Amino acid sequence: DVFVAESGNHRVQRFSATGVWEATWGAQGSGVGEFANPNGIAVSSTGNVYVADTFNHRVQQFDVDGVHVRTWGGPGALDGQFNLAYGVAVAPDGRVCVTDGVNHRLQVFSASGVHLATVGAFGAGSGEFNGPIGIAIDSENRVFVTDLNNHRVQEFGEAGYLRQWGALGVADGLFNGPYAIAVDAMFNVYVADAWNNRIQKFKPVY
């Protein structure tokens, strides 16, 4: 199935692999199962659906039918809190990684929302962020984050920072506001280069 976080309508929709509508849940609000401009969504191999409820500064977890399981987070800068939770991705080992946009960091949680680690801080150095938005995780637990206002992608492994690529520009390999990101089974990385109005594909370097 395909799950879509529909930000402007404050809801989640589920479709079949061929695009047939199957379910909708959520409405605008801050209650259980409600959303305020959700951006990120990810589904685990065990059928947990995690939604980055962006302007409610939290993550909500559902089953595949939209039944609420739990919520974690809240506004703030402490571990486990968020200032605009934008992207969410699930690692093969079940960890849930969330981009914490205005806190300029990445947070890592267990499958049940227990805070495990915080990565990054505001800046332009290696492993630092200025508006992390999109996140993707490959089958080797490598984490890719779009660093929006630094106009680059950063990659992390289980031991921390690995590499980065990109800078502000319009040439191939450069970005102007990289937003969403995805990685396929062959480790190719796809980046929505928002203000350049294009998608760029990068080959793996392993």
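The sections below set out a description of the structure shown in this document. (Residues numbered from 1 in each chain as written. Predicted model: local features only at pLDDT ≥ 70, side-chain atom pairs only at ≥ 80, totals over all residues. Heavy atoms only, no water.)

1. Quick look at the overall build of the protein
The helix and strand tally for the protein stands at zero helices and 18 strands. Whereas a compact globule of 206 residues would reach a radius of gyration of roughly 17 Å, the protein reaches 16 Å, a difference of no more than 12%. Across its three principal axes, the protein shows a C-alpha extent of roughly 45 × 40 × 30 Å. Looking at the protein residue by residue over its 206 residues, the buried ones come to 48%. In the protein, 39% of the contacts between residues at least 6 apart in sequence involve partners at least 24 apart. Carbon and sulfur atoms make up 54% of the accessible area of the protein, which totals about 9,200 Å². Across the protein, 12 positive and 19 negative side-chain charges occur, with their mean positions spaced 3 Å apart. (Helix = DSSP H or I, 4+ residues; strand = E, 2+ residues; numbered from the N terminus. Rg over C-alpha atoms; globule rule 2.2 N^0.38 Å. Buried < 20%, exposed > 50% of the residue type's maximum accessible area, 1.4 Å probe, protein only. Contact = heavy atoms within 4.5 Å. Areas by Shrake-Rupley, 256 points an atom, 1.4 Å probe, with all protein chains shown as cover. Lys, Arg positive; Asp, Glu negative; His and termini not counted. Charge placed at Lys NZ, Arg CZ, Asp CG, Glu CD.)

2. Quick notes on the packing of aromatic side chains
Using the criterion set out here, one finds 11 aromatic pairs in the structure. Here the aromatic rings of tyrosine 50 and tryptophan 72 are separated by 6.0 Å at their centres, their planes lie at 65 degrees, and the arrangement is edge-to-face. In this pair, tyrosine 50 sits in strand E5 (residues 49-53) while tryptophan 72 sits in strand E7 (residues 68-73), placing the two residues 22 residues apart along the sequence. Under the relative-accessibility criterion, tyrosine 50 is labelled buried at 1%. Taking relative accessible area as the criterion, tryptophan 72 reaches 8% and is therefore assigned buried. (Phe/Tyr/Trp six-rings, centres within 6.5 Å; stacked < 30°, edge-to-face > 60°.)

3. Some details on unusual backbone geometry
Residues other than glycine seldom take positive phi values, yet histidine 10 does so here, at roughly 55 degrees. Looking at where histidine 10 falls in the secondary structure, it is placed in the loop between strand E1 (2-6) and strand E2 (11-15). Positive phi values are uncommon outside glycine, yet leucine 84 reaches one of about 70 degrees.

4. Things to note about the sheet that holds strand E15 (residues 160-165)
The sheet built from four strands is open, its strands ordered E12-E13-E14-E15 with antiparallel pairing. The outermost strands of the open sheet, each flanked by one partner alone, are strand E12 (132-137) and E15. Neighbour to neighbour, the strand axes of the sheet diverge by 25 degrees on average, direction disregarded. Relative to strand E14 (residues 152-157), strand E13 (residues 143-147) runs antiparallel, the two being bridged by five bridges. Residue pairing across strands places valine 143 opposite phenylalanine 156, the latter belonging to E14. (Pairing = 2+ DSSP bridges. Axes fitted to C-alpha atoms, helices over the stretch in contact; angles between N-to-C directions.)

5. Some details on the nonpolar core
Within soluble globular proteins, side chains that are nonpolar generally end up buried alongside one another. If you look at the biggest cluster of nonpolar residues, it comprises 12 residues: Ala42, Tyr50, Ala52, Val59, Trp72, Phe82, Ala85, Val88, Val90, Val96, Val98 and Phe109. Mapped onto this core, the elements with two or more residues apiece are E5, strand E8 (85-90) and strand E9 (96-100). Looking at this core, the element that brings in the most residues is E8, giving three residues. In this view, tyrosine 50 contacts Gly40, Ile41, Ala42, Ser44, Val59, Gln60, Gln61, Trp72, Val88, Val90, Val96 and Ala111; residues no more than four positions away in its chain are not counted. Membership of the second largest hydrophobic core comes to 11 residues, among which are Ala91, Phe129, Val145 and Phe156. (Core = buried A, V, L, I, M, F, W, Y, C linked by side-chain atoms within 4.5 Å.)

6. Quick notes on the pattern of salt bridges
One pass over the structure, following the stated rule, counts 11 salt bridges. One salt bridge connects arginine 14 with aspartate 65, and the closest N-O pair in it is separated by 3.2 Å. With a gap of 51 residues between them, arginine 14 in strand E2 and aspartate 65 in the loop between strand E6 (58-62) and E7 connect regions that are remote in the sequence. On the accessibility criterion, arginine 14 (11% relative accessible area) is buried. Overall, the relative accessible area of 53% leaves aspartate 65 in the exposed class. (Salt bridge = Lys/Arg side-chain N within 4 Å of Asp/Glu carboxyl O.)

7. As for the environment of glycine 74
Assignment of secondary structure puts glycine 74 in the loop between E7 and E8. A residue is classified by how much of its surface remains accessible, and glycine 74, at 12% relative accessible area, is buried. When the C-alpha atoms of glycine 74 and glycine 113 are compared, they prove to be 12 Å apart, with 39 residues separating the residues in sequence.

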